[in-house]
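Here is how the chains run, residue by residue.
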Amino acid sequence: MSAFHDLTLHGLDGQDLPLAPLKGKVVLVVNVASKCGLTPQYAALENLYQQYKDQGFVVLGLPCNQFAGQEPGSEAEIQSFCSLNYGVSFPMSGKLEVNGTERHPLYRLLAGEGAEFPGDITWNFEKFLLGPDGRVLARFSPRTTPDDPALIQAIEKALGV
């Protein structure tokens with residue numbers, strides 16, 4: 001198992017969210033926020049998830065309040081917002097830190113020292129594409145939309161379709 005698959009997050013629903021069941025799946029990890037100019041990306045992320053989930057693809061949403069306080073709500077408020085406004089059905093964690101001294105272990109793995117694509121997360125909706133083995137294949141800027149041809153091509157390549 002990879003270090004990614006060894007982690008367990010706190011789920012948005014209050015339950016543990018182990019990443020071990022994602023072994024063998026292509027995962028798009030995205031730090032998300034409800035009050036950001038990029039928030040409408042939730043709709044395209046859900047579309048992407050629906051389009052490829054039967055082929056072994058998962059979107060993993062990770063709420064973060066580190067960028068201009070754009071995710072101020074409680075976990076219940078975030079879950080309600082995502083469900084009501086965007087029909088989000090992909091797994092989501094509780095809020096976590098993506099930068100700084102309190103950076104979550106997942107983000108130390110994705111963007112920390114020694115990572116394939118190191119460096120601080122620049123804003124909400126930054127994306128990491130992980131292969132079935134949990135290795136980071138690509139990193140996409142927050143402004144790269146989920147329907148961007150380069151992102152879709154990378155997903156399809158990782159899925160072998």
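Residues numbered from 1 in each chain as written. Predicted model: local features only at pLDDT ≥ 70, side-chain atom pairs only at ≥ 80, totals over all residues. Heavy atoms only, no water.

## Remarks on the overall build of the protein chain
Phase 1 of the analysis: Along its length, the protein chain carries 5 helices and 6 strands.
Phase 2 of the analysis: Relative to the compact-globule value of 15 Å for 161 residues, the protein chain shows a C-alpha radius of gyration of 14 Å, a close match.
Phase 3 of the analysis: With the principal axes as the frame, the protein chain shows a C-alpha extent of 35 × 35 × 30 Å.
Phase 4 of the analysis: With 161 residues in all, the protein chain has 50% of them scored as buried. (Helix = DSSP H or I, 4+ residues; strand = E, 2+ residues; numbered from the N terminus. Rg over C-alpha atoms; globule rule 2.2 N^0.38 Å. Buried < 20%, exposed > 50% of the residue type's maximum accessible area, 1.4 Å probe, protein only.)

## Here's the deal with the state of the cysteines
Phase 1 of the analysis: Scanning the model with the defined rule gives 0 disulfides in all.
Phase 2 of the analysis: Residue C36 stays outside any disulfide, its sulfur separated by 11 Å from that of C64, the closest cysteine.
Phase 3 of the analysis: Residue C36 is classed as buried on the basis of its relative accessible area of 9%.
Phase 4 of the analysis: With no disulfide of its own, C82 lies 12 Å from the sulfur of C36, the closest cysteine sulfur.
Phase 5 of the analysis: Note on C82: relative accessible area 2%, which makes it buried. (Disulfide = S-S within 2.5 Å.)

## Topic: the sheet that holds strand 5 (residues 127-130)
Phase 1 of the analysis: With mixed pairing, the 4 strands of this open sheet are ordered in space as 4-3-5-6. Each edge of the open sheet is held by one strand with a lone partner, namely strand 4 (57-63) and strand 6 (136-140). On average, each strand axis in the sheet is inclined to that of its neighbour by 20 degrees, with strand direction left out of account.
Phase 2 of the analysis: Relative to strand 6, strand 5 runs antiparallel, the two sharing 4 bridges. In the sheet register, K127 faces strand 6, and the bridge partner there is F140. (Pairing = 2+ DSSP bridges. Axes fitted to C-alpha atoms, helices over the stretch in contact; angles between N-to-C directions.)

## What about helix 2 (residues 41-52)?
Phase 1 of the analysis: End to end, helix 2 covers 17 Å across 12 residues, agreeing with the expected 16 Å (1.5 Å per residue, within 8%).
Phase 2 of the analysis: For helix 2, the complete set of buried residues consists of Q41, Y42, A44, L45, E46, L48, Y49 and Y52. (Expected span 1.5 Å × (residues − 1).)

## Structural notes on the pattern of salt bridges
Phase 1 of the analysis: This model, assessed by the stated rule, comprises 3 salt bridges.
Phase 2 of the analysis: Among the ionic pairs, D133 bridges to R135, the shortest N-O distance being 3.8 Å.
Phase 3 of the analysis: The class of D133 is partly exposed, set by a relative accessible area of 42%. (Salt bridge = Lys/Arg side-chain N within 4 Å of Asp/Glu carboxyl O.)

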